[in-house]
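Structure assessment
Okay, here's what each chain looks like letter by letter:
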Amino acid sequence: MLKGFDPVAAILAFLITAGVMCLLRPVAHRLDLLDHPQGRKDHAAPTPVTGGLAIFIGCVAAFFLFQSSASDGLRAFSAAALLLVVVGLWDDMRDVRWYWRILAQVVAALIIIFWGGVRVEQIGPVFGLPELSLGWLSVPFTVFATVGIINAMNMIDGADGQAGLLGLAALAMLMMASLYAGNTLLAERVSVLAGGLAGFLIWNLRLPWRPRASAFLGNAGSALLGLVIAWVSFRLTQNPGHPVNPVLALWLLPIPVMDCLVVSVRRMRQGRSPFFADRSHIHHILQDAGFGPTRAALHLTWFSLLCGLAVGQAMRMDVPNPVLLALFVLLCLGWYALTSRRERAVALFSRLRRAHPAPARAEIEPQAAPVPERSDRSA
């Protein structure tokens, strides 16, 4: 076991979340807290969207059971998370307009800023400078970044296990970065959040004995996951006692951030809302190329892990941070260029799939009908 690192709270979060998921199943059917298979949705039966609520209960319970006195930062995070879960659950049941969701996300960001004291103040290291304070721009920048990450996770939640696996990979790397920086307290809190997410994933992943997910994150869950990653990233990169360069945060979540930026820019250039629902996300392209939902999610997850670990090693080798930032910009530009002709991107991934066929057991995944995005609805 790592010195000073105690995984008991993380295990408790996992067990509580998994148990709450089971208990919420009949409640979801009674309250119609379900994602119904209609319109663009192809799952076989109404499916509970209780992942966000279960993760929230599991993580908050583990936090406060293992801490005699919680800090203002943890209380602020819990309050902001509760707000997003409540609004998300209402959205899952009533399908509220996009601007009400954005308003809730802005308020949640302001809670962690003014109550929790978590904000982005120094961005100089991103550009290779010793110091560059945002000053009064710190608040709007932190709000923008928080809302952006939340919506990036919302948009990537379009296939069973995908947002959960990408989020778990990001949290695992954030935990390792915290330990490397000597911030054991933050690492333990990230492990609790990862434990809660893992407790949900055992209900959300497609498995040989379960061809479909038995529960979804829902808008409550994807918003909560985005807030979690934003909160941890800000605490990790803005801590002068345990500094970690902000550039690393981009490379720990490359797929959702890249996908959100490219899709939003393309929609706005076409005169549409960034929240307009279509099939332009990376998971849609992979599924149109013949990848099953689970296989696509696993490929995107290992790519994220590879990016994060490679950039972490590059930082240890003193590769200039502006170079790493430029590489991320090039990644986004390359994806934009490739997907400017959708058929070209689909053809490329089709060739990659044929070059590396899936194991026989993976063929249990239904691949005839791609899974559409659930949360990225039209304005």
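Not measured: the values here are computed from a predicted model.

1. With respect to the overall build of the protein
Counting secondary structure elements, the protein contains 14 helices and two strands. Across the 379 residues of the protein, 54% fall into the buried class. The long-range share in the protein, meaning contacts at least 24 apart out of those at least 6 apart in sequence, stands at 78%. Only carbon and sulfur atoms are counted for the fraction: they give 69% of the accessible area of the protein, which is about 16,500 Å².

2. Details of helix H8 (residues 218–237)
Over its 20 residues, H8 extends 29 Å from the first C-alpha to the last, a length consistent with the 28 Å expected when each residue adds 1.5 Å. Burial analysis of H8 places 19 of its 20 residues in the buried class, the great majority of the element.

3. Quick word on the side chain of Ser-222
Examined against the element boundaries, Ser-222 turns out to sit in helix H8. Polar contacts involving the side chain of Ser-222 include one to the side chain of Asn-154, which spans 3.2 Å. In this structure the side chain of Ser-222 is engaged in a polar contact, spanning 3.3 Å, whose partner is the backbone oxygen of Asn-219. Each residue touching Ser-222, except ones within four places of it in the same chain, is listed here: Ile-150, Met-153, Asn-154, Asp-157 and Leu-217.

4. Points about the nonpolar core
Ranked by size, the top nonpolar core spans 108 residues in total, and within it Phe-77, Leu-171, Leu-193 and Ile-229 carry the most contacts. If you tally residues by element for this core, the top one is H8, at 12 residues. Not counting chain neighbours up to four residues away, the residues in contact with Phe-77 comprise Phe-63, Ile-112, Leu-193, Leu-227, Val-228 and Trp-231.

5. Observations concerning the environment of Leu-186
Tracing the chain through its elements places Leu-186 in helix H7 (residues 184–204). Residues Leu-186 and Leu-236, spaced 50 residues apart in sequence, show a C-alpha to C-alpha distance of 7.7 Å.

6. Re the confidence of the model for the protein
Of the residues in the protein, 90% reach a pLDDT of 70 or more, and the chain-wide mean stands at 88. Between residues 361–379, whose pLDDT stays under 50, and residues either more than four places distant or in other chains, the model counts 76 contacts.

7. Considering the packing of aromatic side chains
Across all of its chains, the model carries six aromatic pairs by this definition. Each ring, one from Trp-98 and one from Tyr-99, has its centre 5.8 Å from the other, and the planes form 75°; the classification is edge-to-face. A relative accessible area of 41% places Tyr-99 in the partly exposed class. Note on Tyr-99 and Trp-100: the rings are 5.9 Å apart at their centroids and 55° apart in plane angle, and the pair reads as tilted.

8. Concerning the side chain of Ser-191
Within the secondary structure layout, Ser-191 lies in helix H7. The buried category is assigned to Ser-191, whose relative accessible area is 6%. With residues up to four places along the chain from it excluded, the contact list for Ser-191 reads Phe-5, Ala-10 and Met-175.

9. Notes on the pattern of salt bridges
Side chains that differ in sign of charge can pair as their charged atoms come close. Per the stated rule, a full pass over the model turns up nine salt bridges. In this structure, Asp-72 engages Arg-75 in a salt bridge whose closest nitrogen and oxygen atoms are separated by 3.2 Å. Separated by three residues within a single helix, Asp-72 and Arg-75 lie in helix H3 (residues 72–94), roughly one turn from each other. For Arg-101, the salt bridge goes to Asp-91, with nearest N and O atoms at 3.3 Å. With Arg-101 in helix H4 (residues 98–114) and Asp-91 in helix H3, this pair connects stretches of sequence that are 10 residues apart. We classify Arg-101 as buried; its relative accessible area is 8%.

About the cut-offs
Residues numbered from 1 in each chain as written. Predicted model: local features only at pLDDT ≥ 70, side-chain atom pairs only at ≥ 80, totals over all residues. Heavy atoms only, no water. Helix = DSSP H or I, 4+ residues; strand = E, 2+ residues; numbered from the N terminus. Buried < 20%, exposed > 50% of the residue type's maximum accessible area, 1.4 Å probe, protein only. Contact = heavy atoms within 4.5 Å. Areas by Shrake-Rupley, 256 points an atom, 1.4 Å probe, with all protein chains shown as cover. Expected span 1.5 Å × (residues − 1). Polar contact = N/O pair within 3.5 Å; in protein donor to acceptor, adjacent residues only side chain to side chain. Core = buried A, V, L, I, M, F, W, Y, C linked by side-chain atoms within 4.5 Å. pLDDT = per-residue confidence, 0-100. Phe/Tyr/Trp six-rings, centres within 6.5 Å; stacked < 30°, edge-to-face > 60°. Salt bridge = Lys/Arg side-chain N within 4 Å of Asp/Glu carboxyl O.

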